[in-house]
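Spelled out from the first residue to the last, the chains are:
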Amino acid sequence: MLKEKAGETAGKIWNALNETEGLTAKQIKKATKLVDKDLYLGFGWLLREDKISTQEVEGELFVKLK
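Residues numbered from 1 in each chain as written. Predicted model: local features only at pLDDT ≥ 70, side-chain atom pairs only at ≥ 80, totals over all residues. Heavy atoms only, no water.

Caption draft 1: The pattern of salt bridges, seen in detail. In this structure the tally under the stated criterion is three salt bridges. For Lys 5, the salt bridge identified is with Asp 38, shortest N-O distance 3.2 Å. Remark: Asp 38 occurs in helix H3 (residues 36-48) and Lys 5 occurs in helix H1 (residues 2-17); sequence separation between them is 33 residues. For Lys 5, a relative accessible area of 34% translates into the label partly exposed. One salt bridge connects Asp 36 with Lys 29, and the closest N-O pair in it is separated by 2.9 Å. The exposure class of Asp 36 is partly exposed, given its relative accessible area of 40%. Given the relative accessible area of 33%, Lys 29 is considered partly exposed. (Salt bridge = Lys/Arg side-chain N within 4 Å of Asp/Glu carboxyl O. Helix = DSSP H or I, 4+ residues; strand = E, 2+ residues; numbered from the N terminus. Buried < 20%, exposed > 50% of the residue type's maximum accessible area, 1.4 Å probe, protein only.)

What follows is the structure in structure tokens.
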């Protein structure tokens, strides 16, 4: 069940990032309406699948599709 939820959450994040140059974690959270726990679960899934890259920009987590 957790694996299924991780995949669904990752899909929401991917859709939010699609056609952008990248977003901050706060922007993704707002766009997807995910709670922190689920947001980072989705980030983990996408990082493991090598679909996103992350970096810290001005003290905030910045995420973009690869």
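Now that the structure has been shown, we can carry on.
Caption draft 2: Main features of the side chain of Thr 32. In this fold, Thr 32 is placed in helix H2 (residues 25-32). What Thr 32 contacts, discounting residues up to four positions off in sequence, is Lys 12, Ile 13 and Ala 16. (Contact = heavy atoms within 4.5 Å.)

Caption draft 3: Spatial organisation of the packing of H2 against H3. Taken N-terminus to C-terminus, the directions of H2 and H3 make an angle of 110 degrees; their axes are 11 Å apart at the nearest point. With respect to H3, the axis of H2 lies roughly perpendicular. The hand of the H2/H3 crossing is right-handed. Here H2 contributes Ala 25, Ile 28 and Lys 29 to the contact with H3, which in turn contributes Asp 36, Leu 39, Tyr 40 and Phe 43. In terms of residue class, the contact of H2 with H3 is built from five nonpolar, no polar and two charged. (Axes fitted to C-alpha atoms, helices over the stretch in contact; angles between N-to-C directions. Parallel < 35°, antiparallel > 145°, perpendicular 65-115°, else oblique. Left-handed = near helix turned anticlockwise from the far one by under 90°. Nonpolar A, V, L, I, M, F, W, Y, C, P; charged D, E, K, R; others polar.)

Caption draft 4: Just the nonpolar core, in detail. Residues Ala 10, Ile 13, Leu 17, Leu 23, Ala 25, Ile 28, Leu 34, Leu 39, Phe 43, Leu 46, Ile 52 and Val 63 constitute the largest nonpolar core, which totals 12 residues. Counting residues per element, the ones that place at least two in this core are H1, H2 and H3. If near-sequence neighbours (up to four positions away) are discounted, Ala 25 is found in contact with Leu 39, Tyr 40, Phe 43 and Leu 61. (Core = buried A, V, L, I, M, F, W, Y, C linked by side-chain atoms within 4.5 Å.)

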